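# A closer look at the structure
Chain residues, written in single-letter form:
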Amino acid sequence: MELDRLQAIKKGLLTLHTLELMAITIYRFQITKESCDFNRQLTAAMCNEMTHYQDFQVKLYEYGFRPSVIRLVYWFVGFAFGFTSRLISKKAILKTGIWVETKAVHHYTKLLEIIDWDEETRKTIEKDQADENGHINRWKQLLSSGISR
Ligand SMILES: [Fe+2]
Ligand SMILES: [Fe+2]
């Protein structure tokens, strides 16, 4: 594989891996100790993000790359979004989820467009992107069903 293509794939994988860590951390800090369906939905989403994180971590190592240390900054960003929205309201949690996931879907679209991925990785990205769309739809549905505090 040419160096340019390889560099682009590396950059793309690092971006995706980092974003998924942020997503996991957002959901993680939105979950409260209360035993309720809302928390179970957030936990399911967190679990789903963990599989995405795994997808990209495995790809990084398969290519002989390593995760970036800078991603830890995004852990803090995720913590800030997650924790702050939890302090405000369930509505804020859902709106944060919709906002962040929409950004992610756009990011995925752009990365799919500009990078010449190998077929397997492309399929993985498309699957994960479809999951993010699923999250958006779930949160929108919950929001319109009138969840407040
Ligand atoms: Fe994800
Ligand atoms: Fe997601």
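The structure contained in this document is the topic of the report that follows. Remember, predicted model here, so these are calculated numbers, not experimental data. (Residues numbered from 1 in each chain as written. Chains lettered and ligands numbered in written order. Predicted model: local features only at pLDDT ≥ 70, side-chain atom pairs only at ≥ 80, totals over all residues. Heavy atoms only, no water.)

Further remarks concern helix H3 (residues 71–88). Compared with an ideal rise of 1.5 Å per residue, which puts 18 residues at 26 Å, H3 spans 26 Å between its outermost C-alpha atoms and is within 8% of the ideal. Buried within H3 are the following residues: Arg71, Gly78, Gly82 and Ser85. Buried residues of H3 fall within an arc of 75° about the axis and therefore sit on the same side. Away from its buried face by more than 90 degrees, H3 exposes Val73, Phe76, Leu87 and Ile88. Residues of H3 that are buried in the fold lie against helix H1 (3–30), helix H2 (37–62) and helix H4 (90–114). (Helix = DSSP H or I, 4+ residues; strand = E, 2+ residues; numbered from the N terminus. Expected span 1.5 Å × (residues − 1). Buried < 20%, exposed > 50% of the residue type's maximum accessible area, 1.4 Å probe, protein only. Arc of directions from axis to C-beta. Contact = heavy atoms within 4.5 Å.)

Let's shift gears to the coordination of the iron ion (ligand 1). Within the protein, the iron ion (ligand 1) binds to Glu20 (OE), Glu20 (OE), Glu49 (OE), His52 (ND1) and Glu132 (OE); these donor distances fall in the range 1.9 to 2.7 Å. Between the two metals, the iron ion (ligand 1) and the iron ion (ligand 2), the spacing is 3.9 Å, and Glu49 donates to both. In this pair, Glu49 and His52 both sit in helix H2, three residues apart, roughly one turn of the helix. (Donors = N, O, S within 2.8 Å, 3.2 Å for Na, K, Ca; no water.)

With that out of the way, let us pick up the coordination of the iron ion (ligand 2). Distances from the iron ion (ligand 2) to its protein donors, Glu49 (OE), Glu101 (OE), Glu101 (OE), Glu132 (OE) and His135 (ND1), fall within 1.9 to 2.3 Å. Each donor residue of the iron ion (ligand 2) lies on one chain, and together they are spaced E-x51-E-x30-E-x2-H.

What describes a pair of aromatic rings is the distance from one ring centre to the other and the angle between the planes of the rings. One pass over the structure, following the stated rule, counts nine aromatic pairs. With a centroid separation of 5.4 Å and an interplanar angle of 15°, the aromatic rings of Phe79 and Phe83 are classed as stacked. Pair noted here: Phe79 and Phe83 are both in helix H3, with a separation of four residues, about one helical turn. Of the residues examined, Phe83 reaches a relative accessible area of 29% and is grouped as partly exposed. Among the aromatic residues, those joined into a ring-pair cluster are Phe29, Trp75, Phe76, Phe79 and Phe83. The side chain of Arg138 reaches across the aromatic face of Trp139, ending 6.0 Å from its centre. (Phe/Tyr/Trp six-rings, centres within 6.5 Å; stacked < 30°, edge-to-face > 60°. Lys NZ or Arg CZ within 6 Å of the ring centre and 35° of its normal.)

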